[in-house]
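# Geometric and topological summary
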Amino acid sequence: LRATGEQKPKRDIVVWDNSGPERSLHIPITLWGDRATAEYATDVPVIVRGVRVREWNGSKSLSTNGNSVVSFEVPPDLQADAQDLVRSWAASGQPAAPARGGGDGKRVTIEELHAENVNLGHAPEPGQPLDGNGPAAAHRHTVVATITSVITERPPYYPACSQQVDDGRGKTRSCNKKLTDEGGEWRCMSGHCCQQPSYRYLLRARVSDHTGLLEISSFDEVGKKMFGCDADELAALWEDEGRSEELQRKLKRPNWQRCVLTVRSVREVWQDEERVKTSANDMRDEEWKKEARRRLNDIYATFGAPEGAVGSPVAGGA
Ligand SMILES: [Zn+2]
Ligand SMILES: [Zn+2]
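Residues numbered from 1 in each chain as written. Chains lettered and ligands numbered in written order. Predicted model: local features only at pLDDT ≥ 70, side-chain atom pairs only at ≥ 80, totals over all residues. Heavy atoms only, no water.

### Some words on the layout of surface pockets
- Taken as a whole, the second largest pocket encloses approximately 920 Å³ of empty space.
- As for the second largest pocket, its lining consists of 31 residues, and the residues nearest its centre are Arg154, Leu202, Leu203, Arg204 and Ser217.
- Secondary-structure elements contributing two or more residues to the lining of the second largest pocket are helix H3 (110–117), strand S9 (157–160), strand S16 (203–209), strand S17 (212–218), strand S18 (258–270) and strand S19 (273–285).
- Looking at the lining of the second largest pocket residue by residue, the classes come out as 17 nonpolar, five polar and nine charged. (1 Å grid on protein atoms, 1.4 Å probe; cavity = no way out; pocket = protein on both sides within 12 Å on 5 of 7 lines; lining within 4 Å. Points joined across faces, edges and corners; volume = space filled by probe spheres on them. Helix = DSSP H or I, 4+ residues; strand = E, 2+ residues; numbered from the N terminus. Nonpolar A, V, L, I, M, F, W, Y, C, P; charged D, E, K, R; others polar.)

This is how it looks when you write it as structure tokens:
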């Protein structure tokens, strides 16, 4: 806001270059004033100078001020670099900017989660400019819920490629792509082959709280916490007919676990229908003392605390 109280025009644009481990990085730039209302072409090189780096919730963005330069006139000494950049932008298929996050990880009930997800935007089409003022295309929330079941019509795991690949930061990581059995040899989409797959969790589960139901997808880390073992162990049970009782017990282990889930919701198209997909990236035990203190404070806030209770409603600390 200006001193006059008049709203200063503001607009986010997203720029891209071929730096970073993936040779592809996007960053939003916030433009103010006349710059915000100007016309901008897409898919052309832009010179940006004298901008401020901001970091919020772990993601970086740039912001212009009076001394910043945002120019489409490429000086002669940068012409060659600009042409390289345009070529590599086209060659990499004009990758879409990652979904802008919303929700900020705040704690919600399942009913509130569904209500907020009604407003989820669509992920930008590749090559299309990102609408910085549009609705967020991804929401991040925390829910406290009880697992009611893991869907086990199919194995809740997949055979993963264990080939070590460059992680782009000078180290290696497992490829983890799905392996297909090609008659005694397992091969992934990248053409690696393995004698013996290692399994990783990839599962769907139903969770609930007092306000509603939610279906979540989860990956290896959350799967390990739910089942209390790694996916190799579960796969060994699944494939051994002689151990089906043990398997049934194991498959029920996640049920009725109460946990704190960090979830991320996006829109996706599945079998020609659009739906919201929610994945749990983290699962941890509920912190009972903290939770009890929080609830008690809610009660005190509503009805007033009994004398002497203020400040230490629950003994034992957080
Ligand atoms: Zn692989
Ligand atoms: Zn081979």
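### Overview of the coordination of the zinc ion (ligand 1)
- For the zinc ion (ligand 1), every protein donor is listed as Cys161 (SG), Cys175 (SG), Cys188 (SG) and His192 (ND1), and the spread of their distances is 2.1 to 2.4 Å.
- Because the angles between the four donor atoms bound to the zinc ion (ligand 1) fall within 102 to 116°, the donor set is best described as tetrahedral.
- Within one chain, the residues donating to the zinc ion (ligand 1) are spaced in sequence as C-x13-C-x12-C-x3-H. Of this pair, Cys161 sits in the loop between S9 and strand S10 (164–166) while His192 sits in the loop between strand S13 (186–188) and strand S14 (193–194), and the two are 31 residues apart along the sequence. Assigned by exposure class, Cys161 and His192 land together as buried. (Donors = N, O, S within 2.8 Å, 3.2 Å for Na, K, Ca; no water. Tetrahedral: all angles 85-135°; square planar, octahedral: opposite > 155°, others 65-115°. Buried < 20%, exposed > 50% of the residue type's maximum accessible area, 1.4 Å probe, protein only.)

### Some words on the packing of helix H5 (residues 231–238) against helix H6 (residues 244–252)
- For the pair H5 and H6, the least separation of the axes is 9 Å and the interaxial angle reads 140°. On the basis of the axis angle, H5 is oblique to H6. Here H5 and H6 pass one another in a crossing that is left-handed. In this structure, H5 uses Glu233, Leu234, Leu237 and Trp238 to contact H6, whose residues at the interface are Glu246, Leu247, Lys250 and Leu251.
- When the residues that make up the contact of H5 with H6 are grouped by side-chain class, the tally is five nonpolar, no polar and three charged. (Axes fitted to C-alpha atoms, helices over the stretch in contact; angles between N-to-C directions. Parallel < 35°, antiparallel > 145°, perpendicular 65-115°, else oblique. Left-handed = near helix turned anticlockwise from the far one by under 90°. Contact = heavy atoms within 4.5 Å.)

### Here's the deal with the environment of Ser61
- Relative to the elements of secondary structure, Ser61 occurs in strand S5 (residues 59–63).
- Taking the C-alpha atoms as reference, Ser61 lies 9.4 Å from His26; in sequence the two are 35 residues apart.
- In this structure Ser61 touches Ile27, Pro28, Arg52, Val53 and Arg54, once residues within four positions along its chain are discounted.

### Focus on the pairing of S17
- Note that S16 and S17 share seven bridges and pair antiparallel. Bridging across to S17, Asp209 finds its partner in Gly212.
- Between S16 and S17, which pair antiparallel one after the other, the connecting turn spans two residues.
- Judged from the two bridges that link them, S17 and S19 form a sheet pairing that is parallel. Across the sheet, Ser218 pairs through a bridge with Ala280, a residue of S19. (Pairing = 2+ DSSP bridges.)

### Topic: helix H7 (residues 288–303)
- With 16 residues, H7 ought to run about 22 Å at 1.5 Å a step, and its terminal C-alpha atoms sit 22 Å apart, in line with that.
- Just downstream of H7 lies Gly304, where phi reads positive at about 90°. (Expected span 1.5 Å × (residues − 1).)

### Some remarks on the pattern of salt bridges
- Overall, the coordinates contain twelve salt bridges when judged by the stated rule.
- For the salt bridge of Asp84 with Arg87, the shortest nitrogen-to-oxygen distance reads 2.8 Å. Note that Asp84 and Arg87 are positioned in helix H2 (residues 79–91) at a spacing of three residues, about one turn of the helix.
- Residue classification places Asp84 among the partly exposed positions, given a relative accessible area of 41%.
- Between Glu185 and Arg187 there is a salt bridge, and its shortest N-O distance comes to 2.9 Å.
- The network of salt bridges with common partners includes Glu182, Glu185 and Arg187. (Salt bridge = Lys/Arg side-chain N within 4 Å of Asp/Glu carboxyl O.)

### A short note on helix H4 (residues 220–227)
- Taken residue by residue, H4 has Asp220, Val222, Gly223, Met226 and Phe227 as its buried positions. One side of H4 holds all its buried residues, which, seen down the axis, span an arc of 160°.
- Count one or two residues on from H4 and you reach Gly228, which has phi positive near 70°. (Arc of directions from axis to C-beta.)

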